[in-house]
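Chain by chain, the residues:
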Amino acid sequence: MTELAAQACEACRADAPLVSDEELAELLREIPDWTPIARDGVMQLERVFKFRNFKQALAFTNRVGEIAEEVGHHPALLTEWGKVTVTWWSHEAGGLHKNDFIMAARTDKQLDAE
Ligand SMILES: C[C@H](O)[C@H](O)[C@H]1CNC2=NC(N)=NC(=O)C2=N1
């Protein structure tokens, strides 16, 4: 299978299919640092990234913002001193779509990008 980060994002649509429990387990193996959590009954993917200071955390936040804008799929981003919490889900679809796993994998890649 093509590496997750290299797969294409589909447009966000309300009728887009959510991942099944089996797909969830399979896709999570490709992004082992992400945690699936349910908030208000909506499944989300979350990861906390640690940095040496606020400036680096903010730079990472902006890189994630850029990859989100590129594809029109957007995360929740909480930037703190030395820490960024990134949460992906598909608002329109009300849960986790394949897009969220692709973007989580692409988010991981922003750690190496300066
Ligand atoms: C019109 C626009 O493409 C949509 O509102 C997009 C924008 N970004 C989005 N991002 C996420 N994560 N989920 C969505 O459903 C979503 N919808």
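Just so you know, these numbers come straight off a predicted model, no measurement behind them. (Residues numbered from 1 in each chain as written. Predicted model: local features only at pLDDT ≥ 70, side-chain atom pairs only at ≥ 80, totals over all residues. Heavy atoms only, no water.)

1. Brief notes about the overall build of the protein
How we decide: In this description a helix means any DSSP run of H or I spanning at least four residues, a strand means any run of E spanning at least two, and both kinds are numbered starting from the N terminus. The globule rule is 2.2 Å times the number of residues to the power 0.38, and the radius of gyration it is compared with is taken over C-alpha atoms. Here's how the labels work: a residue is buried when its accessible area is under 20% of the maximum for its type, exposed when over 50%, partly exposed in between, all with a 1.4 Å probe on protein chains only. Contact definition: two residues touch when any of their heavy atoms are within 4.5 Å. Here the positive residues are Lys and Arg and the negative ones are Asp and Glu; neither His nor the chain ends is included. For the purpose of locating charges, the reference atoms are NZ of Lys, CZ of Arg, CG of Asp and CD of Glu.
Scanning the protein from N- to C-terminus turns up 3 helices and 4 strands. For 114 residues, the compact-globule estimate of 2.2 N^0.38 gives 13 Å, and the C-alpha radius of gyration of the protein, at 14 Å, lies within 12% of that figure. Across its three principal axes, the protein shows a C-alpha extent of roughly 40 × 30 × 25 Å. Looking at the 114 residues of the protein, the share that counts as buried comes to 41%. Of all intrachain contacts in the protein linking residues separated by at least 6 positions in sequence, the fraction that spans at least 24 positions is 66%. Side-chain charges of the protein comprise 12 positive and 20 negative groups, with the mean position of each set lying 8 Å from the other.

2. Considering the site of the ligand
For the record, the criterion: A molecule or strand has a residue near it when one of that residue's heavy atoms lies within 4 Å. Residues adjacent in sequence count toward polar contacts only when both atoms are side-chain atoms; beyond that, a polar contact is any pair of N or O atoms within 3.5 Å, and within protein one must be able to donate a hydrogen and the other to accept it. Accessible surface area values rest on a Shrake-Rupley calculation with a 1.4 Å probe, where residue burial reflects the displayed protein chains alone. In the scheme used here, Gly and all other residues not listed as nonpolar or charged are polar, with Ala, Val, Leu, Ile, Met, Phe, Trp, Tyr, Cys and Pro taken as nonpolar and Asp, Glu, Lys and Arg as charged.
The full set of residues close to the ligand is C12, G72, H73, H74, W89, S90, H91 and E92. W89 is positioned with one of its backbone polar atoms (N or O) 2.7 Å from a nitrogen atom of the ligand. Protein chains bury 66% of the 390 Å² of accessible surface belonging to the ligand in isolation. Taken together, the residues of the shell around the ligand sort by class into 2 nonpolar, 5 polar and 1 charged.

3. Brief notes about the packing of aromatic side chains
The condition is simple: Aromatic rings from Phe, Tyr and Trp, with only the six-membered ring used for Trp, were paired whenever their centres fell within 6.5 Å, and each pair was classed as stacked if the ring planes differed by under 30 degrees, edge-to-face if by over 60, and tilted otherwise.
Counted by the stated rule, this structure contains 3 aromatic pairs. Relative to F60, the ring of F49 has its centre 4.7 Å away and its plane inclined at 45°; by these criteria the two rings are tilted. Placement of F49 in strand β2 (residues 42–50) and of F60 in helix α2 (residues 54–71) is noted, with a sequence separation of 11 residues between them. Owing to a relative accessible area of 0%, F60 belongs among the buried residues under this scheme. Measuring from ring centre to ring centre gives 5.0 Å for F51 and F60, while their planes differ by 40°; the resulting arrangement is tilted.

4. Notes on the pairing of strand β3 (residues 76–80)
Defined as follows: Pairing between two strands requires that DSSP report at least two bridges joining them.
As judged from the 5 bridges shared by β3 and strand β4 (residues 83–88), these two strands associate in the antiparallel manner. Bridge pairing in β4 links L78 to T85. The loop that links β3 with its antiparallel partner β4 comprises 2 residues; one of these, G82, has a positive phi angle of about 70°.

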